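Per-entry structural report
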Amino acid sequence: MKKNILYISAAFLALNSCSFLDPLENGSYNEDNYREYPKIIRGFVDKAYNLRPSTYYANEFIGSDAAADNAVYRVQNEGMRLFSLGGGNISSNPFSSVWTRSYEAINYCNLFLKDNLGLNTHYLLDAESDMALRRSLQGDAYALRAWYHYDLLRVFGGMDENGELLGVPIMTVPSRIEDADPASVSRASFDDTVRQILEDCDSAYAYLPLNNRDYPGDKSYATPVLGSVRYRCFDQVAIDGLRAMTWLLWASPAFNPEGDKERYRNAAFYASRVIRHKLDKESQLGFDPMAAFNWGDINSPEIVLPTNVGTSAIEDKFYPQGFGGDAFLVPTQDLVDAFPMANGYPISDPRSGYDPARPYEGRDPRFYATIYYDGAQIIRNTNSEVMYIFETSSGSKDAPGQVSTSPSGYYVKKFTYRGYNPYDASPIRGYRSVSLMRWEQMCLIFAEAACNVGSPLQSSEFGLSARDALAYLRSRTTSDGMSGLGKDSDPYLNECAASSERFMELVRNEWRIVTCFEGTRYFNLRRWSRPEDLSSLNVAVHGAVVSPDGSFRTVELEKRDFPSLWNPLPSSEIRKCAKLQQNAGWDNWK
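Fair warning: this is a prediction, and the values are worked out from it, not measured in the lab. (Residues numbered from 1 in each chain as written. Predicted model: local features only at pLDDT ≥ 70, side-chain atom pairs only at ≥ 80, totals over all residues. Heavy atoms only, no water.)

Focus on the overall build of the chain
- Counting its secondary structure elements, the chain contains 18 helices and twelve strands.
- Relative to the globule expectation of 25 Å for 590 residues, the C-alpha radius of gyration of the chain, 24 Å, shows essentially globular dimensions.
- Counting only C-alpha atoms, the chain reaches 75 × 60 × 60 Å along its principal axes.
- With an accessible surface of roughly 22,500 Å², the chain has 49% of that area assigned to carbon and sulfur atoms.
- For the chain, the distance from the average site of its 61 positive side-chain charges to the average site of its 74 negative ones is 1 Å. (Helix = DSSP H or I, 4+ residues; strand = E, 2+ residues; numbered from the N terminus. Rg over C-alpha atoms; globule rule 2.2 N^0.38 Å. Areas by Shrake-Rupley, 256 points an atom, 1.4 Å probe, with all protein chains shown as cover. Lys, Arg positive; Asp, Glu negative; His and termini not counted. Charge placed at Lys NZ, Arg CZ, Asp CG, Glu CD.)

And the structure:
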């Protein structure tokens with residue numbers, strides 16, 4: 001039976017010491033009378049939105065790729081690096097901020113939803129606009145509560161020492177630190193946590209508008225509080241995306257011991273709804289599945305759900321010292337090797353034409369849009385000026401072993417704003433946000449899920465096939481404006497589509513290269529594994545030593561050493577709450 005949990009956390013200590021409920025200097029509102037202030041009540045939803053991260057430079061995104069096999073940290077004592085090498089400790093859980101942030105946001109949602117407080121509050125004088133806003137905010141609160149519970153489940157869901165699959169504490173009522181009982185806090189089952197997420201998705205869907213876009217002439221968007229004014233918020237399309245993500249997680253081998261295929265079918269169904277909406281509806285607004293996706297375009301029609309907009313200095317963490325950076329986090333040779341050749345064949349296939357003496361020639365166009373390598377250039381996006389040339393061969397300025405250079409010989413290109421030059425008189429930072437859901441992710445979810453319930457070529461059930469979904473990704477123009485590798489034909493894709501097993505191998509590799517540095521690799525490797533199998537996690541990661549003649553050799557940089565398939569819960573919460581079970585493999589983190 002599902003229980004309402006009163007949760008105790010440092011997040012709620014913060015909530016009660018510095019929050020929307022603190023009075024103004026003149027004492028005009030407090031916890032007893034804040035219901036009289038509509039802006040305060042709406043602020044609960046706004047605060048929950050604002051707690052979402054606005055940069056990919058965070059532990060749960062690109063940082064987690066450095067705990068998998070896509071990236072490495074240059075700095076030896078970085079917390080996530082120590083965690084991935086088996087040297088972490090209970091005071092440095094790299095995912096603690098996800099726990100704290102999520103429960104704080106959930107509590108704000110519960111304050112808004114309690115007794116329909118937010119729905120029954122009037123915000124605007126115009127009756128039609130007021131009702132539209134009230135319903136949208138109600139949907140937002142349910143959607144955000146679902147999202148944060150999903151994020152917690154993705155990070156902390158796992159088995160306890162008794163082999164029981166557990167989710168996270170479910171919180172559906174507001175919590176105050178003075179009222180909470182630590183003895184009541186326990187984890188719901190994994191299945192019950194999923195059901196709560198899906199239930200909140202259903203509630204959100206009933207209140208939210210279809211899409212946060214402007215549709216000229218559509219009377220349902222006539223009020224000034226709907227349409228693109230809600231752009232960074234949830235809508236029904238994003239709810240379908242969250243449903244697809246949740247069902248796929250639940251269907252995955254790590255969390256689906258009985259192999260229930262209906263979970264995959266539901267994941268494919270909801271992902272296909274998002275895909276069809278983009279193709280059928282948003283094509284009127286500029287969406288083109290073949291067009292390039294610009295990471296600096298925060299209004300791209302490809303985005304399903306963005307976070308807040310920021311101008312964080314992400315380039316400083318990716319570039320070498322020679323271009324104003326510190327190469328704090330860099331790609332691995334293993335990721336480079338995952339990119340196929342321009343004809344679509346993997347570099348291990350004799351038909352690919354891969355030449356180890358010229359490893360960067362004739363590669364998948366997506367490689368050139370994602371990673372900087374020896375001889376690559378940073379070209380200004382406004383006038384095609386060559387601002388920097390990477391020189392990573394032994395002894396060169398950007399080679400491993402120099403000051404603030406990449407230990408792997410590679411640098412991150414993805415996400416960087418090519419209008420930025422640290423040596424300009426007035427450097428310009430590009431705008432960016434995190435795409436919590438976007439077109440390519442929905443295609444990958446659909447391809448994986450549909451392949452698990454039918455042939456990769458079957459299109460009758462969902463209106464497109466798993467092969468179609470991957471073809472969209474492999475054939476599209478890159479962010480550099482290069483034609484996709486399947487523009488004319490893609491024989492390797494067709495070959496793989498004839499076999500479900502080979503197609504799934506391709507899907508998993510497409511997940512890796514399409515969403516690299518977005519925080520999916522770390523969690524995908526876990527959900528694809530069985531509880532007793534750590535072989536895909538505890539692997540060596542490599543870099544390249546490039547010779548002056550352009551040839552290179554691979555070197556091992558470090559080896560992952562995880563004691564468990566599951567992440568540890570924050571030890572501070574385990575110590576405070578006697579019934580809060582730790583995940584298996586982390587006895588020393590209790």
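Digging into the state of the cysteines
- This model, assessed by the stated rule, comprises zero disulfides.
- Among the cysteines around Cys109, which has no disulfide bond, Cys233 carries the closest sulfur, lying 12 Å off.
- According to the relative accessible area criterion, Cys109 is buried, its value standing at 1%.
- Free of any disulfide, Cys201 has its nearest neighbouring cysteine sulfur in Cys109, separated by 12 Å.
- Assessed through its relative accessible area of 0%, Cys201 is described here as buried. (Disulfide = S-S within 2.5 Å. Buried < 20%, exposed > 50% of the residue type's maximum accessible area, 1.4 Å probe, protein only.)

Considering the environment of Tyr37
- Counting through the fold element by element, Tyr37 comes out in the loop between α1 (10-17) and α2 (38-50).
- Along the chain, Tyr37 and Ser352 lie 315 residues apart, while their C-alpha atoms are 65 Å from each other.

Quick notes on empty space enclosed by the protein
- Tallying each qualifying case throughout the model produces seven cavities of 30 Å³ or more.
- Taken as a whole, the largest cavity spans an internal volume of roughly 400 Å³.
- What lines the largest cavity is a set of 27 residues, among which Tyr150, Arg154, Met245, Gln441 and Thr520 lie closest to the centre.
- Only α3 (59-65), α6 (127-156), α8 (236-251), β10 (435-438), α13 (439-451) and α17 (521-527) provide two or more residues apiece to the lining of the largest cavity.
- With five residues, α6 is the largest single contributor of residues to the lining of the largest cavity.
- When its residues are assigned to classes, the lining of the largest cavity shows 14 nonpolar, six polar and seven charged.
- The volume enclosed by the second largest cavity comes to roughly 250 Å³.
- If you trace the second largest cavity, you find 16 residues lining it, with Trp295, Arg366, Thr370, Glu440 and Ser479 closest to the centre.
- Grouping the constituent residues of the lining of the second largest cavity by class yields seven nonpolar, four polar and five charged. (1 Å grid on protein atoms, 1.4 Å probe; cavity = no way out; pocket = protein on both sides within 12 Å on 5 of 7 lines; lining within 4 Å. Points joined across faces, edges and corners; volume = space filled by probe spheres on them. Nonpolar A, V, L, I, M, F, W, Y, C, P; charged D, E, K, R; others polar.)

As for the pattern of salt bridges
- Scanning the model with the defined rule gives 46 salt bridges in all.
- Linking Glu302 and Arg438 is a salt bridge whose minimum nitrogen-to-oxygen distance equals 3.1 Å. Here Arg438 lies in strand β10 and Glu302 lies in the loop between α9 (261-280) and β4 (303-306), a separation of 136 residues in the sequence.
- Overall, Glu302 belongs to the buried group, its relative accessible area being 2%.
- Between Arg366 and Asp364 there is a salt bridge, and its shortest N-O distance comes to 2.8 Å.
- Residue classification places Asp364 among the buried residues on the basis of a relative accessible area of 1%. (Salt bridge = Lys/Arg side-chain N within 4 Å of Asp/Glu carboxyl O.)

Notes on the pairing of strand β12 (residues 552-559)
- Note: strand β11 (residues 540-546) against β12, seven bridges, orientation antiparallel. Its bridge partner being in β12, Ala544 is matched across the sheet by Thr554.
- Here β11 folds back onto β12 in antiparallel fashion, the turn holding five residues, of which Gly550 has a positive phi close to 100 degrees. (Pairing = 2+ DSSP bridges.)

Notes on unusual backbone geometry
- You will see that Ser384, though not glycine, has its phi angle at about 65 degrees, which is positive.
- Following the sequence through the fold, Ser384 ends up in the loop between β7 (377-379) and β8 (386-389).
- The phi angle at Phe415 is positive, at roughly 80 degrees, despite the residue not being glycine.
- Of note, Phe415 is situated in the loop between β9 (411-412) and β10.
- The class of Phe415 is buried, set by a relative accessible area of 6%.

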